[in-house]
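Okay, here's what each chain looks like letter by letter:
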2 protein chains.
Amino acid sequence: MLKVPDHQVAGHHGAHGQPGPLIDDSGRFYKPLQDDDRGAIEAAFYTSFSSNTRVPDHIRRFFPVFHGTQLLEASDGSGQRPHLVLEDVVSGRSHPSVMDVKIGSRTWYPEASEDYIQRCFEKDRKTSSLCLGFRISGLQLYGSEESGLWKPERKLVQNLSADEVRVVLKKFVSSNSPIDPNLNPDCSFASSVYGGSSGILAQLLELKSWFEDQTIYHLNSCSVLMVYEKKKVLKGGSSDAEVKLIDFAHVTEGNGIIDHNFVGGLCSLIKFISEILTSPDECTTKVCLQNSDNNNEEILTSSNECTTKVCL
Amino acid sequence: MLKVPDHQVAGHHGAHGQPGPLIDDSGRFYKPLQDDDRGAIEAAFYTSFSSNTRVPDHIRRFFPVFHGTQLLEASDGSGQRPHLVLEDVVSGRSHPSVMDVKIGSRTWYPEASEDYIQRCFEKDRKTSSLCLGFRISGLQLYGSEESGLWKPERKLVQNLSADEVRVVLKKFVSSNSPIDPNLNPDCSFASSVYGGSSGILAQLLELKSWFEDQTIYHLNSCSVLMVYEKKKVLKGGSSDAEVKLIDFAHVTEGNGIIDHNFVGGLCSLIKFISEILTSPDECTTKVCLQNSDNNNEEILTSSNECTTKVCL
C-alpha cells in the first residue's frame with residue numbers, strides 16, 4: 001500500500017497540484033519523474049551511478065539504492081506517471097530527526113539556461129548559500145513524547161546567518177526543547193550523533209575525501225541529508241546517525257574536474273560541525289523559528305550579514 | 001636603485017599611464033597603493049596579517065613579508081605615491097619559471113558593489129574560473145639559454161580549457177621547449193618541482209589544511225604564485241620550488257566561516273597537479289600559445305566547454 005511519506009523535509013511535497021513522492025512498507029521511496037529535463041537527468045544519474053564501477057563501495061552507501069523506474073498512479077490523482085524507485089532513507093525510523101543541507105555556494109552550473117542561472121544566482125545570494133557554502137533547506141527535529149516533531153518553515157531555515165546555523169546544528173543534537181528560543185541547546189548528543197568513528201562528521205569526512213578526487217559527476221544543487229533517531233539515544237541506544245546524498249536533478253558530468261563547488265561547501269559544513277564537537281558551549285544567539293504548523297509570525301534574532309571588509 | 005621588475009607575470013604592470021611596481025637590489029618589492037578601496041584593503045590586510053597571532057608560523061612563509069608602506073616616486077613619473085613594501089618573492093632567482101593562478105570559481109564577494117559583482121560574474125564565466133575553480137592569470141617559463149623566457153599572452157592563458165591547463169602545468173615542469181605545440185611536454189622535472197616533501201604539491205596541501213580551518217580571512221581574487229628555477233634543475237640542483245600567496249586587494253573578514261570558495265578552487269588545482277605526478281604521460285591536447293612579444297595570431301586547439309549534461 002503506497003502512502004505519502006511523513007518525514008520529508010525538503011523537495012517537492014506534492015502540493016500545488018504537483019504529484020509528490022510515495023513510500024511503501026517495504027522501505028521503498030517512489031519519486032515522480034519531473035516533467036522537464038530534471039526528471040530525465042535524475043533518472044540518468046541513478047542509472048549511471050548504480051552501474052559505475054569507478055564508484056567505490058564505501059561511497060555507494062551514501063546514496064539511496066536505486067531500483068529502476070516504475071509507472072504508478074501519481075499521488076495527486078493525475079493518472080499514471082513514471083517514478084524513480086529508491087531506497088526510503090528514513091524507513092524503519094519512527095521519530096527521525098532529519099536535516100536537509102543543500103551543498104554549494106552556487107546551485108547553478110555553466111550550461112543551464114540563462115533564466116535558470118539568474119534565478120539561482122539571486123536565490124544563492126538571498127539565502128545562506130553564498131555566505132556559508134551551503135543552506136539548510138529543510139529540518140525536522142524530534143522534541144519529546146509530548147512535543148512531538150518540530151518542523152520549522154523551510155523558507156526561514158534557508159536564510160539563516162552563520163550564528164543561526166550554529167544554533168540549529170546544536171538544536172539538532174540537544175536533549176532540551178528545540179522550540180523554546182530562551183533555552184540554550186545543551187548539545188547532549190553531539191558526541192554520539194556528530195562524533196565517533198561512525199558519526200556524521202566521520203561520514204562527511206569520508207565523502208570529502210572522495211569528492212576531492214572524483215571527477216565523474218558534478219552534483220549541482222544536491223543535498224546532504226543527516227538523519228538519526230533521537231528517541232533511541234534518549235533510551236541510551238545508538239544514534240544510528242546516517243548521511244545520505246539526495247536530489248540529483250541537476251547533475252552534470254565532471255569531465256576530469258573535481259566538483260570544487262561541492263567540496264568547498266562540504267568543507268564549510270564540516271567546519272561548523274567540528275566546532276560543535278570541540279567547543280559545544282560557545283553559543284549565545286537566540287533563534288526563534290516557529291513550527292510550520294503554527295501560523296504565528298516567525299522571529300529571527302540576527303541578520304544574515306556574513307562578511308565585512310577589513311578595516312584599517 | 002629602484003627598477004621595474006623583470007619577472008612579473010600578472011597584476012598591474014604600470015602600462016596605460018598607471019604606476020607599476022618597483023624592486024630594489026635588497027629583495028624588496030614596492031607595490032603602488034591603488035587609488036580606490038583596493039589599496040586601502042590590501043594595506044589593511046598586510047597590517048592585520050603580519051601582526052595576527054592566530055596565523056601559525058608554518059603558514060606565514062606562504063605570504064610575502066610586509067615591511068610597511070613608504071612614499072616613493074611612482075614608476076610612471078606621476079609624483080610621490082604610497083607603496084606597500086613587500087618581500088620580492090622572485091628575488092635572487094635569475095631565470096625563474098613563474099605561474100600566477102587566481103584561486104576560486106568566484107572572484108567577487110557579497111558586499112562588493114553591484115557593478116563589480118556583475119563584471120566579475122561575467123569574467124568568471126568567460127575564463128577558466130567557473131569551470132576549473134581557478135584560472136591561470138599569468139605565466140613565464142624559462143626555455144633554454146637560446147630561447148630564454150617564454151611569456152604567453154595573459155588574456156589567452158586565462159581562458160584555457162581543462163585539457164589545455166593540464167598541458168600548461170606539464171610544460172611548466174618539462175625540459176623540452178614550451179613553445180613548440182608539436183612537442184609533448186616530457187614532465188622531466190615534475191617530481192622535483194611538484195613532488196617531494198618540499199615540492200609544490202606538499203606546499204599546496206599544507207595551505208589547504210589551513211584554509212579548511214581558518215575563518216579569519218576570505219582571500220577573494222587572490223593568487224597562488226608557483227616559482228622555481230629551471231636553470232638550476234637543469235644543472236642537477238634543487239628546484240627551490242616555492243608557493244606564495246599574493247594580491248589581497250579584495251580580502252574580506254571571514255567572520256567565523258571558512259573561505260569555501262578558495263578551498264574548492266585550491267582542491268581543484270591540487271587535483272590537476274597530483275594527476276601529473278601520478279600519470280605524467282596522459283596527455284594529447286596541443287596548446288599553441290604564442291609568446292606575448294610575438295604579434296602572430298594565437299591558436300588554441302580545444303574549446304573551453306567543461307561540463308556536459310548526463311545523457312540517458
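Residues numbered from 1 in each chain as written. Chains lettered and ligands numbered in written order. Predicted model: local features only at pLDDT ≥ 70, side-chain atom pairs only at ≥ 80, totals over all residues. Heavy atoms only, no water.

Can you lay out the overall build of chain A for me, pointing to particular residues and giving the numbers?
For chain A, the helix and strand inventory stands at ten helices and 13 strands. Every one of the 312 residues in chain A was classed for burial, and the buried ones make up 57%. Restricting the contact set of chain A to residue pairs at least 6 apart, pairs at least 24 apart contribute 68%. In the structure as shown, chain A presents an accessible area of about 12700 Å², 48% of it carried by carbon and sulfur atoms. (Helix = DSSP H or I, 4+ residues; strand = E, 2+ residues; numbered from the N terminus. Buried < 20%, exposed > 50% of the residue type's maximum accessible area, 1.4 Å probe, protein only. Contact = heavy atoms within 4.5 Å. Areas by Shrake-Rupley, 256 points an atom, 1.4 Å probe, with all protein chains shown as cover.)

Which residues make up empty space enclosed by the protein, and what values go with them?
Within the structure shown, the criterion is met by four cavities of 30 Å³ or more. By volume, the largest cavity is sized at about 150 Å³. In terms of lining residues, the largest cavity is bounded by 13 residues, among which Arg106(A), Trp108(A), Arg106(B), Trp108(B) and Phe121(B) are the most central. Where the lining of the largest cavity is concerned, the elements lending two or more residues are helix 3 (114–126) of chain A together with helix 3 (114–126) of chain B. Sorting elements by how many residues they give to the lining of the largest cavity places helix 3 of chain B first, with three residues. Partitioning the lining of the largest cavity into residue classes produces six nonpolar, two polar and five charged. (1 Å grid on protein atoms, 1.4 Å probe; cavity = no way out; pocket = protein on both sides within 12 Å on 5 of 7 lines; lining within 4 Å. Points joined across faces, edges and corners; volume = space filled by probe spheres on them. Nonpolar A, V, L, I, M, F, W, Y, C, P; charged D, E, K, R; others polar.)

Please set out the pattern of salt bridges residue by residue, giving values where relevant.
Taken as a whole, this structure holds 38 salt bridges over all chains when the rule is applied. With a closest N to O distance of 3.4 Å, Asp115(A) and Arg119(A) form a salt bridge. You can see Asp115(A) and its partner Arg119(A) sitting in helix 3, four residues apart, about one turn around the helix. Across the salt bridge formed by Arg135(B) and Asp124(B), the nearest N and O atoms sit 3.1 Å from each other. (Salt bridge = Lys/Arg side-chain N within 4 Å of Asp/Glu carboxyl O.)

Describe the relation of the copies chain A and chain B, and please don't skip the residues or the numbers.
Relative to chain B, chain A is turned by 180 degrees and slid 0.0 Å along the rotation axis, the superposed coordinates differing by an RMSD of 0.0 Å. Classification of the inter-copy transformation places it as that of a two-fold axis. Across chain A, the smallest distance between a C-alpha and the rotation axis is recorded for Gly264(A), namely 2.1 Å. Both copies share a contact surface, since 100% of the interface residues of chain A are interface residues in chain B too. (Least-squares fit on C-alpha atoms with pLDDT ≥ 70 in both.)

Describe the nonpolar core, naming the residues involved and giving the relevant values.
A general trend in soluble globular proteins is that nonpolar side chains are found buried together. With 134 residues, the main nonpolar core has Leu219(A) and Leu219(B) as its most contacted residues. Tyr109(A), Ile117(A), Cys120(A) and Leu130(B) belong to the second-largest nonpolar core, a separate cluster that totals 16 residues. (Core = buried A, V, L, I, M, F, W, Y, C linked by side-chain atoms within 4.5 Å.)

Outline the packing of helix 10 (residues 260–278) of chain A against helix 10 (residues 260–278) of chain B, supporting the account with residue identities and numerical values.
At their nearest, the axes of helix 10 of chain A and helix 10 of chain B sit 7 Å apart, and the two run at 130 degrees to each other. Our classification of the angle between helix 10 of chain A and helix 10 of chain B gives oblique. You can see that helix 10 of chain A and helix 10 of chain B cross each other, and the crossing is right-handed. Contact with helix 10 of chain A, carried on its side by His260(A), Val263(A), Gly264(A), Gly265(A), Cys267(A) and Ser268(A), involves His260(B), Val263(B), Gly264(B), Gly265(B), Cys267(B) and Ser268(B) of helix 10 of chain B and no other residues of that element. (Axes fitted to C-alpha atoms, helices over the stretch in contact; angles between N-to-C directions. Parallel < 35°, antiparallel > 145°, perpendicular 65-115°, else oblique. Left-handed = near helix turned anticlockwise from the far one by under 90°.)

Which residues make up the sheet that holds strand 5 (residues 96–103) of chain A, and what values go with them?
Residues and elements named next belong to chain A. The five strands lie next to each other as 7-6-5-9-10, forming an open sheet whose pairing is antiparallel. The sheet is open, and its two edges are formed by strand 7 (149–150) and strand 10 (242–246), each paired on a single side. Note that strand 5 and strand 6 (residues 134–142) share six bridges and pair antiparallel. Bridged to Met 99 within strand 6 is Leu 139. Contacts from helix 6 (residues 162–171) reach strand 5, strand 6, strand 7 and strand 9 (223–229), with the element oriented near 35 degrees to strand 6. (Pairing = 2+ DSSP bridges.)

Could you give an account of the interface of chain A and chain B, naming the residues involved and the relevant values?
Chain A puts 52 residues into the contact, and the matching count from chain B is 52 residues. Summing the contributions of chain A and of chain B, the shared interface buries around 4400 Å²; its carbon and sulfur component is 60%. At the surface where chain A touches chain B, the tally comes to six salt bridges. When the shortest N-O distance is used, the salt bridge between Glu114(B) and Arg125(A) registers 3.0 Å. Taken together, chain A and chain B are joined by twelve residue pairs in polar contact (both at pLDDT 80 or more). For the side of chain A that touches chain B, the secondary-structure elements that each account for two or more residues are helix 1 (37–50), helix 3, helix 4 (129–132), helix 6, strand 11 (252–253) and helix 10 of chain A. Sort the elements by how many residues they give to the side of chain A that touches chain B and helix 10 of chain A lands first, with eight residues. Looking at the side of chain A that touches chain B residue by residue, the classes come out as 24 nonpolar, 16 polar and twelve charged. (Buried area = accessible area lost by both parts, 1.4 Å probe. Polar contact = N/O pair within 3.5 Å; in protein donor to acceptor, adjacent residues only side chain to side chain.)

Geometry only, nothing functional implied.
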